[in-house]
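Chain by chain, the residues run as shown.
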Amino acid sequence: MEDTIVAMATAKGETSIHILRLSGPEAEKIINECFVPRNIERWARQENFTLNLGVFRDENRVLDEVLVGRMLAPFSFTGEDVYEINCHGGIFVAQRILQSCLRHGARLAEPGEFSKRAFLNGKLDLVQAEAIIDLISSRTETSANLALSQLSGGLSKAILNLREGILELLAFIEASIDFPEDEVDELDRKTLESRVLKVLADVQHLLEGSKTGKILRDGLLTVIVGRPNVGKSSLLNALLREERAIVTDIPGTTRDEIRESVSVGGILLQLVDTAGICESNDLVERLGIERTWKALETAELILLVVQANHPLTEDEHHILSAHSEKVIVIINKIDLLEKDQHVSLPEAGIRIPFSVIQHIGFEDLEMAIRTRVYQGEVVGAADPLLSNVRQISHLERCFTSLEQGLLSIQQGMPWDILSIDIRQALQYVSEITGHNVQESLLEDIFSRFCIGK
Ligand code: GDP
């Protein structure tokens, strides 16, 4: 039997309230030893989903006046009896209540242990559990919406449908294996082939959407590049001023060259610090320029800022031709053009006439970025999009196994060989939602949660 765990669910520090979570078979016993409700009769009725005012006491001392939320198994987050103790915000009070729960038989929860129990008790699958981590770390409205839609189970359903489809393939193969080879009809082979093709198309569809999903979750690695003085810093500052949630500090990121993140049109741009591009004799400057060229290679989006009344330089032409599919050209300072002077537009890339100073072009830039991310598709928040690297890589492997299976069918391989590939595909798709997963994978996933979650 599982033991009973406790943890603070709120961040440490001084705040108006702290919440402690207690979950497990002993939760009720522990709470009854420490909590004295003001309305004893109501408490005794054991009504589920109630908030109860009272005092928390231990060793005959009142520790705090608290509100205790009661969520009984199986209708709680973890699927076990859960009590949430809302106490006053001082860390000292919360710590004393935590200590009390420990003394009365609870154990301090590991990071993510509440969510792990929810998973083990069938309240969540892995896709939903990972959506919780994403929801907590969301930095734009769009990524939060994506995580919420995954949490609500739409994506899990799509994955389960795939799993069903693959199980049906296996059932079909197993049924055929029971007959001697010469009795297996050529018709069966054709039927199986078309069924595998159908499942492959579904997997492909999900994989296509995952490109958008991944960008919505992680943002676009973006470089702002251009000659000195074209207005790069002015543009960056304007974008930073525009947005409501500025994030400069990204904990846990390995992309240490990222200086700033900014949300444009709901899409997170992870901006890589870059120098201007121009020929230079200064060594330090040259190193900076070399870094810029390298950054352009790895960037997912390039904002090339050029000046409206200047012809394009060789470097600018070069960037455009080498990276046309990911460049947005910002033709800045159109306010400086004479009345009858027209913006000279480069041939490649998306081009936006712009003036940072007169605030012209920002909406077009938002549109251009959104078009780039959604690739012309209208994706609603409710669409099941994969965004998590672990899940995507499992789906890719599933796709490869199915392709291998298809090849074996077309080459006339025996049915028991086919079943190996299809079984492999089943294993990969099952690991996405957490059917048949190993304990080490669970530990890896849930240890990324914070304590109390
Ligand atoms: P950077 O070297 O590319 O980062 O360029 P800055 O952002 O420092 O801008 C260089 C100069 O151009 C500054 O004096 C800005 O005020 C000016 N500037 C930036 N954007 C515009 C614009 O849209 N119109 C005009 N007229 N000046 C601009």
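Here the structure is shown first, and the text comes after it.
Summarised in this report is the structure supplied together with it. Predicted model only: the values in this text are computed from it and were never measured.

## A short note on a nonpolar patch on the surface
Together, Leu51, Leu53 and Leu67 line one region of the surface with nonpolar side chains, adding up to about 220 Å² of accessible area. In this structure, Leu51 sits in strand β4 (residues 50–58). Judged by relative accessible area, which is 46%, Leu51 ranks as partly exposed.

## Some thoughts on unusual backbone geometry
Following Ala73, the chain continues into Pro74 via a peptide bond in cis, with omega recorded as 0°. The residue Pro74 is located in the loop between β5 (61–71) and β6 (82–88) in this model. For Gln46, which is not glycine, the phi dihedral falls at a positive 55°. Structurally, Gln46 can be placed in the loop between α2 (40–44) and β4. Positioned with a positive phi, Lys333 is a non-glycine residue whose angle comes to about 65°. With respect to the secondary-structure elements, Lys333 resides in the loop between β12 (327–332) and β13 (350–353).

## Some words on the packing of aromatic side chains
One pass over the structure, following the stated rule, counts four aromatic pairs. Ring centres of Phe172 and Trp415 lie 6.3 Å apart, and the angle between their planes is 45°; this geometry places the pair in the tilted category. Of this pair, Phe172 sits in helix α7 (residues 154–177) while Trp415 sits in helix α14 (residues 415–433), placing them 243 residues apart in sequence. Of the two residues examined, Phe172 and Trp415, each falls in the buried class. Every member of this aromatic cluster is reached through a ring pair, and the members are Phe35, Trp43 and Tyr83. The ring of Phe114 is capped by Arg21, whose NZ or CZ atom sits 5.4 Å from the centre of that ring.

## What about helix α1 (residues 27–34)?
By the burial criterion, the buried members of α1 are Ala27, Ile30, Ile31 and Cys34. Here the buried residues of α1 occupy an arc of 95° about the axis, which is enough to place them on one side.

## Brief notes about the pattern of salt bridges
Enumeration over the complete set of coordinates arrives at 20 salt bridges. Put simply, Glu65 and Arg38 hold a salt bridge, and the shortest N to O gap is 3.3 Å. Here the residue Glu65 occupies a position in strand β5, and Arg38 occupies one in the loop between β3 (35–37) and α2, the gap between them amounting to 27 residues. Among the ionic pairs, Arg390 bridges to Glu130, the shortest N-O distance being 2.9 Å. Taken together, the residues span a long stretch of sequence, with Arg390 in helix α13 (residues 389–410) and Glu130 in helix α5 (residues 126–136) at a distance of 260 residues. Neither Arg390 nor Glu130 differs from the other in exposure class; each is buried. Because the salt bridges share partners, they merge into one network encompassing Glu2, Asp3, Glu80, Arg107, Glu113 and Arg117.

Parameters and conventions
- Residues numbered from 1 in each chain as written.
- Predicted model: local features only at pLDDT ≥ 70, side-chain atom pairs only at ≥ 80, totals over all residues.
- Heavy atoms only, no water.
- Patch = residues over 30% accessible without salt bridge, like charges linked within 9 Å, V, L, I, M, F, W, Y side chains within 5 Å.
- Areas by Shrake-Rupley, 256 points an atom, 1.4 Å probe, with all protein chains shown as cover.
- Salt bridge = Lys/Arg side-chain N within 4 Å of Asp/Glu carboxyl O.
- Helix = DSSP H or I, 4+ residues; strand = E, 2+ residues; numbered from the N terminus.
- Buried < 20%, exposed > 50% of the residue type's maximum accessible area, 1.4 Å probe, protein only.
- Phe/Tyr/Trp six-rings, centres within 6.5 Å; stacked < 30°, edge-to-face > 60°.
- Lys NZ or Arg CZ within 6 Å of the ring centre and 35° of its normal.
- Arc of directions from axis to C-beta.

Keep in mind that these numbers describe shape and distance, not what the molecule does.
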